[in-house]
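Chains, contacts and geometry: an overview
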Amino acid sequence: MRVIICGAGQVGYGIAERLAAEKNDISIIDTSPELIQRIRDALDVRGFVGHGSHPDVLERAGAQQADMIIAVTLHDEVNIVACEVAHALFNVPMKIARIRARSYLQPHYQDLFSREHLPIDVIISPEMEVGDVVLRRIALPGATDVMRFGDNKIAAVALECLEDCPVVNTPLAQLSQLFPDLPATVVGVSRGGNLFIPRSADQLLVGDLAYVVSTTDQVRRTMGLFGHEEPEATRIVVAGGGNVGLYVAHTIEEKQSRTKIKIIESNRERAVAAADILRRTVVLNGSALDQRLLQEADIHNAELMVALTNNDQVNILSCVMARRLGCKASLALINNPSFLDIAQSVGIDATVNPGSVTVSRVLQHVRRGRIRAVQTLQRGGAEIIEAEALETSPLVGGALRDLELPDGIRIGAIYRDGVVLKPSGSFRVRAKDRVVIFALEKAVKQVEQMFRVSLEFF
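Within an unreviewed UniProt entry, the label attached to the chain reads Trk system potassium uptake protein TrkA, and the organism entered is Pseudaminobacter soli.

This is the structure we're talking about:
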């Protein structure tokens, strides 16, 4: 696939890195010669210095033959114009734009991005995407990662196996025998930096991170089986009143009336604006690293500290301070992937990486075949993919135990006519079923082939 990426910042770099690793033909455009040189040195991509919205720059980058343009610069208007030019002059089939301004995202303005007006096929709002991930983590404390599939009826969670985990040292096959009515499947395990798909005879060990697929209505029971029965937080302190923090607080106000939330925002203008928008949230102006301000926010009584500022160091340190002052749990937004291990080592319970969230959203539209959703895991080491099975799919018809499925994949759940089904050896996938699959990096391309529209791979 030939892809043009406008913007070589963290998001653009992350998308280019992932797509280049899969042998796609990538051209990346940015106004910064330093960023373009950095990406040329690190990745097998073509780099072009210039404005991604300028026709001559797009032409040099190969827009005439491009299958897709992904505009992820820091400026909404540049992203919009880049997609418009790619459509009008070069007839690029797929156009994806990052849009951050809330005004563009209002529901009653959505017709703006129709083919008749501004022909953008996919709008990505990083703040809202990240905000939704944070809200899912808040709703399921104890999970280090939470993903939703199948019209939100399927939940995939990452659960750390602690010393008191009831299922440690128990063969996975035995779990199905002990809990036959529990629709949960362990699809992947991360152990000592090694990500693998467990066999039925394998056992979970203390320190493992288990990826488990279950139904949304049974996910709490599933987490309890793994020793995670943490209650949902009702007293939350949020560091950062920017777009993400404001979105999280506003959504909690609307949907969780009994939850008390306080925001700490260092910028006075943003603090005042947040106080005007929010009804029940207490907004404090100051630094989240100010111990006195944290105490004023009653951090010692808080059940969760959520650090969502634009500064990774502030997010990490404020979470550490909050825990030392008595807060029960913490969640930090981490932009720099190299800080993720540091955050874990200092006791932060969960992290969210915006780049990974955005890359997952883009991959959903890059993947060939009937792919409905993609979530990347472990910095690209694996993906959980939801895809629709076609009549031509090798999955359809035969019992799962009789199919020669590629190494490196595990089916976690099937979504059929609004009902979630747990796979077994005798299960037969039907056409139009939506299949949730855990795939190691080496098997992702084979999963795509299994859900291709055509018969070309037979």
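1. Details of helix 4 (residues 76-90)
End to end, helix 4 covers 21 Å across 15 residues, agreeing with the expected 21 Å (1.5 Å per residue, within 8%). Residues of helix 4 that are buried include every one of D76, N79, I80, A82, C83, V85, A86 and F90, and no others.

2. With respect to the packing of helix 1 (residues 10-21) against helix 13 (residues 354-366)
Each pair of packed helices gets described by two things: the angle between the helix axes and the distance between those axes. Where helix 1 contacts helix 13, the two axes come as close as 10 Å, and the packing angle between them is 45°. With respect to each other, helix 1 and helix 13 are oriented oblique. Read as a crossing pair, helix 1 and helix 13 show a hand that is right-handed. Facing helix 1, whose interface residues are V11, G14, I15, R18 and L19, helix 13 presents T358, V359, V362, L363 and V366. Considered class by class, the residues forming the contact of helix 1 with helix 13 number seven nonpolar, two polar and one charged.

3. A closer look at the packing of helix 5 (residues 126-139) against helix 8 (residues 243-255)
As a packed pair, helix 5 and helix 8 sit with axes 9 Å apart at the nearest point and diverge in direction by 50°. Relative to helix 8, the element helix 5 is oriented oblique. Here the hand of the crossing between helix 5 and helix 8 comes out right-handed. Across from E127, M128, V130, G131, D132, V134, L135 and I138 in helix 5, the residues of helix 8 making contact are N243, V244, Y247, V248, T251 and I252. Each residue belonging to the contact of helix 5 with helix 8 can be placed in one class, and the counts come to nine nonpolar, three polar and two charged.

About the criteria used
Residues numbered from 1 in each chain as written. Predicted model: local features only at pLDDT ≥ 70, side-chain atom pairs only at ≥ 80, totals over all residues. Heavy atoms only, no water. Helix = DSSP H or I, 4+ residues; strand = E, 2+ residues; numbered from the N terminus. Expected span 1.5 Å × (residues − 1). Buried < 20%, exposed > 50% of the residue type's maximum accessible area, 1.4 Å probe, protein only. Axes fitted to C-alpha atoms, helices over the stretch in contact; angles between N-to-C directions. Parallel < 35°, antiparallel > 145°, perpendicular 65-115°, else oblique. Left-handed = near helix turned anticlockwise from the far one by under 90°. Contact = heavy atoms within 4.5 Å. Nonpolar A, V, L, I, M, F, W, Y, C, P; charged D, E, K, R; others polar.

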